[in-house]
Every structure is written in C-alpha cells, then in structure tokens.
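Structural features, examined
As a plain string of letters, each chain reads:
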Amino acid sequence: MNGLSRAAIIAVGSELLTASRVDTNSLFITDRVNTLGVDVVFKAVVGDDREELAGMVRLALTRADLVICCGGLGPTDDDVTREAAAAAVGLHLREDEAITERLRVRFKARFTGEMPEINRRQAMVPDGARVIENPNGSAPGLWIDVENHAVLLLPGPPRELKPMVDGLVAGLLRERCSGRVLMRRVLKIAGRIESQTEEELMPLYVRWRNWPIPVEATILASLGQLELHLSARAPSGDEATAVLREAVEDVIKVLGADVFTTEGRDLEEVLGDLLLARGFRIAVAESCTGGLIASRLTDVAGSSRYVERGVVAYSNEAKSELLGVPSALIAEYGAVSEPVGRAMAEGIRSQARVDVGVGVTGIAGPGGGSPEKPVGTVVIAVSVGQTVQTRTARFRGERDQVKYQAAQTALDMVRRLLLPGP
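Residues numbered from 1 in each chain as written. Predicted model: local features only at pLDDT ≥ 70, side-chain atom pairs only at ≥ 80, totals over all residues. Heavy atoms only, no water.

Further remarks concern the environment of Ala-221. Among the structural elements, Ala-221 can be located in strand β10 (residues 215-222). Linking Ala-221 and Ile-189, residues 32 residues apart in sequence, is a C-alpha distance of 9.6 Å. Dropping the residues within four chain positions of it, Ala-221 is found in contact with Glu-194 and Leu-226. (Helix = DSSP H or I, 4+ residues; strand = E, 2+ residues; numbered from the N terminus. Contact = heavy atoms within 4.5 Å.)

Have a look at this one:
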C-alpha cells in the first residue's frame, strides 16, 4: 500500500470530553504528518466506549486513508482502542507472547514484582497488525493495513507518543505516504476586517489555483488580527518553499504594511525587532489596559534591550502624579480623551528619557460608559521623534477582549511608525 495523503485523527478518552483536559496530541501529529504531504482532513474526540469508537473508526476510513487513534491502549477495562479498532475492520485479537514477555521483564525491572494479569491486554494484537515499539512505556503501538488504507494506534501520554510519531515519520510513514511535501506559511494582518481582506485577495486565490504547484489559502479572524494560512504540496521542500514565497510576495503587493509578519510571529516579537533595529527604547503608560502592553512586550526574551518601563496610571491622580498630566486637562476633556492620551504618551517618554512613549486610556467595561463615550472607547497615543499620533477606537466585546484589542492596536501603531519609508 502506497500513497497515503489524507489523515483523520481520533483522540480517545472520556476525560477529553470534559473541561479539565485538552487534546494536544492531535496538534503534534498534524504538524509531523504535514511534513510528509499528508493533510489532516478531520479530527474527533471519542470517549471510552467501544461501540462509539468502532463507529468513528469506520467513518474515518470512508473519509481518509490514514486513521490515527491516540490513547486508550492501557491495561484497564476503559482502555478500549484495540478492541474497537479490531472490531471496526473485522479482525480478531490474539495475544502476542513476545509482548507479554517484554511486559513481564519490564515489571520485574521497574517494580520488582510479577506483572498483573490485567496487563496482558496490552499484548493483544489484531491479526496481521504490525507492532510499533514504545521505548518509553508499556503499551506498544499498532499499525493495521486495511486494503489501501491504514489504521495507526498510539498511546496517549505525550512522552510516549511523540518519539513514536517521530520514528514513524522518519520510517514507516515516510515509506507509505505520497512522497510529496506539504508546507505552510502563516501571514498575520492588522488593521483590516475579514470580508474586506478576502475580497481583495480573491483574484490571487484564483491565480494560485492554476499554478503548476497550486497554493491553497485559508483566512481566519481572531481578536485584533487576521491570519492568512497558505499551503502548497510539492515533490520537494525547495519547490514548495519557492511557490509559497511567490504567493507571499503577491499578498504583500495587495495588503502592504498591514501584513506584520509572513512567518506566523506575534506582533510583540515583530515590534521588538523593529525597536532593536532602530536602536530605540520604549516606555508605556497604561490605564484601561492595566499593564497588558508592558506584559506582552516583556514576554519576548531579550526585551530588556528595548523596554525601559511601564506605568499603570489608573486613577486621574496617578495620571497627574506619575506622568505629569495636568489635572486641568483631565477636568476639561475627561480622562478618556485624545489630549489626555497624548499627554500620557509624552509624559512617560519624557520621564523615562526614551525614544518611544505610548499612552492608553479608555473604558473597558462592563460599566463606566456614557452615550458620548460608550464602553469600548479607548484612546491610544504614540510619541516618536517629532510625531505624536493619536487614535480613538471603539472596540466590541467583554472587558478582557477590549483590553486585548487596545493593546494590539497600540503595538501596531508603534510598529507602523517605526517602519522604514515615508
């Protein structure tokens, strides 16, 4: 069997259907199989139920040629993956004495005692299945060929699953897959709405689909930014890289400086590089964002080279005492106003003696708004050189969403002011 190109991932475990546990294995598996040109076409989470899992495996085999189940290979009664997978493809389970013996040796070495009989369940292998060694645990993996399809069973603990997947990607999976390479680029975009951006990029989508090596595009809206995911499947990594590079250049021609990264990086990382390149240091004065901008900037390793300080001036008194904002200015225009935001940015820049000052003041909610200044009203000011740029925005969402959008917009305003060119 050759040419596997479409995968389905089934995470097994009733705990994954609760709020306390999250499936991360499927993300790791997706990343690894993508390098072999395999598309993950769907994922599912199934509890510890034989019939439900068997039904899902059967369904997955109608939609993908590689089905990967992770979890449910332990020795207890709720570890049902072997039985369910075997039932789904019509195979009998038989005990592999070699696995049983390895389990006995492992128990004696680790626990200085006899192996419980219940662990013999981990030695049950479907007829004709290939055993995948697990050097970090007791449950081996299993590879089951089903005509021109395959079912792969892997243990759930990440410390066991990850090295097994890496070994399979380097060996058996590479042999069985299509021989093509799937590569992706992630572009992140600020200051645009999804529908407008999609409309402008649509002619590119049509063009890319007609290339000898087509490029597929997916646009995703998230808080404060858009993500454009580009993917290409090619005979080699160099060919995929080249065609994606050309597609990225096409996007830049259309969207320009609104694209803040073509490598999937976070905005605070991109801004940090710009500050370093200019030899600038930054200080921020925050009211409604409560230190979020400073936190994001300092989340980046090495940010001490360009971050000088951050001040949370929440009250009007703090704005005056810590930033030098005249109380008369606050009384005349209100704390949430462009004159006050400007004074905050200039005040922190002057006091910190830095190149870039940022001031943010607003109403994050849920209370505190008025007809003139509703909840979500935020004023952002950036002082760089002889330029002071101010913006009044009205963000939608809950309190944390308003704060995040305000921080994102502030970082992006600084980024744009530091870009080379007019």
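Read on, since the account is not over.
Another aspect to go through is the packing of aromatic side chains. Counted according to the given criterion, the structure contains 2 aromatic pairs. Plain terms: the ring middles of Tyr-205 and Trp-208 are 6.0 Å apart, the flat faces sit at 45 degrees to each other, and that makes the pair tilted. In this pair, Tyr-205 and Trp-208 are both assigned in helix α7 (residues 194-209), 3 residues apart and thus about one turn of the helix distant. This pair shows no difference in class: Tyr-205 is buried, exactly as Trp-208 is. Between the aromatic rings of Trp-208 and Trp-211, the centroid separation amounts to 6.5 Å while the plane-to-plane angle is 55 degrees, which identifies the pairing as tilted. (Phe/Tyr/Trp six-rings, centres within 6.5 Å; stacked < 30°, edge-to-face > 60°. Buried < 20%, exposed > 50% of the residue type's maximum accessible area, 1.4 Å probe, protein only.)

Looking now at the sheet that holds β10. The antiparallel open sheet is built from 4 strands, whose spatial order is β10-β11-β9-β12. The open sheet has two free edges, formed respectively by β10 and β12 (259-261), since each of these has just one partner strand. Within this sheet the neighbouring strands show an average axis-to-axis angle of 30 degrees, counted without direction. Relative to β12, strand β9 (residues 181-189) is paired through 2 bridges, and the arrangement is antiparallel. Across the sheet, residue Ile-189 finds its bridge partner in β12, namely Val-259. (Pairing = 2+ DSSP bridges. Axes fitted to C-alpha atoms, helices over the stretch in contact; angles between N-to-C directions.)

A few words now on unusual backbone geometry. The amide bond that connects Gly-365 to the next residue, Pro-366, takes the cis arrangement and shows omega of 5 degrees. We note that Arg-353 has phi near 55 degrees; this positive angle belongs to a residue other than glycine. Mapped onto the elements of the fold, Arg-353 is located in the loop between α13 (338-352) and β15 (356-362).

It is worth spelling out the nonpolar core at this point. With 35 residues, the main nonpolar core has Ile-282, Val-356, Val-358 and Leu-418 as its most contacted residues. Excluding its chain neighbours within four sequence positions, the residues that come into contact with Val-356 are Leu-275, Phe-280, Arg-281, Ile-282, Ala-283, Arg-349, Val-382, Ser-383, Val-384, Val-414 and Leu-418. Ala-44, Ala-60, Leu-73 and Ala-139 belong to the second largest nonpolar core, which has 31 residues in total. (Core = buried A, V, L, I, M, F, W, Y, C linked by side-chain atoms within 4.5 Å.)

In this section: the pairing of strand β16 (residues 377-384). Among the 8 residues in β16, 8 count as buried, and that is most of the element. Every second residue of β16 is oriented toward a common face, with Thr-377, Val-379, Ala-381 and Ser-383 on one face and Val-378, Ile-380, Val-382 and Val-384 on the other, all of them buried. Sheet topology note: the β15/β16 ladder contains 7 bridges and is antiparallel. Bridging from a neighbouring strand, Val-356 pairs with Val-384 of β16. Here β16 runs beside strand β17 (residues 387-394); their pairing, made up of 8 bridges, is antiparallel.

Our focus in this paragraph is the layout of surface pockets. In this approach a probe as big as a water molecule rolls over the atoms, and the regions it shows empty are the leftover space. The calculated volume of the largest pocket comes to roughly 470 Å³. Around the largest pocket, the lining is made up of 21 residues, and of these Gly-191, Arg-192, Gly-224, Gln-225 and Gln-405 lie nearest the centre. Secondary-structure elements contributing two or more residues to the lining of the largest pocket are β10, β11 (225-234), β17 and α14 (399-418). Ranked by residue count, the leading element in the lining of the largest pocket is α14, at 6 residues. When the residues that make up the lining of the largest pocket are grouped by side-chain class, the tally is 8 nonpolar, 7 polar and 6 charged. In this structure, the second largest pocket encloses a volume near 200 Å³. As for the second largest pocket, its lining consists of 14 residues, and the residues nearest its centre are Glu-15, Leu-16, Arg-21, Asn-25 and Gly-156. Within the lining of the second largest pocket, the residues separate by chemical class into 7 nonpolar, 4 polar and 3 charged. (1 Å grid on protein atoms, 1.4 Å probe; cavity = no way out; pocket = protein on both sides within 12 Å on 5 of 7 lines; lining within 4 Å. Points joined across faces, edges and corners; volume = space filled by probe spheres on them. Nonpolar A, V, L, I, M, F, W, Y, C, P; charged D, E, K, R; others polar.)

Attention now moves to helix α1 (residues 25-34). Extensive coverage of α1 is indicated by the burial of 7 of its 10 residues. Within the span of α1, buried status applies to Asn-25, Ser-26, Phe-28, Ile-29, Thr-30, Val-33 and Asn-34.

Further remarks concern the side chain of Thr-409. Locating Thr-409 in the fold gives a position in helix α14. Overall, the relative accessible area of 13% leaves Thr-409 in the buried class. For Thr-409, the contacting residues outside a window of four places in its chain are Ile-380, Arg-391 and Phe-395.

Attention now goes to the pattern of salt bridges. A full pass over the atoms with the stated rule returns 27 salt bridges. Asp-39 is the salt-bridge partner of Arg-233, the closest N and O atoms lying 2.6 Å from each other. Here Arg-233, found in strand β11, pairs with Asp-39, found in strand β2 (residues 39-46); they are 194 residues apart in sequence, far enough to count as distant. Exposure remark for Asp-39: the relative accessible area of 22% places this residue in the partly exposed category. A salt bridge links Glu-268 to Arg-296; its shortest N-O distance comes to 2.7 Å. Of this pair, Glu-268 sits in helix α9 (residues 267-278) while Arg-296 sits in helix α10 (residues 292-298), and the two are 28 residues apart along the sequence. Glu-268 gets classed as buried once you look at its relative accessible area, which sits at 9%. Owing to a relative accessible area of 6%, Arg-296 belongs among the buried residues under this scheme. Members of the salt-bridge network, linked through shared partners, are Arg-192, Glu-200, Asp-258, Asp-412, Arg-415 and Arg-416. (Salt bridge = Lys/Arg side-chain N within 4 Å of Asp/Glu carboxyl O.)

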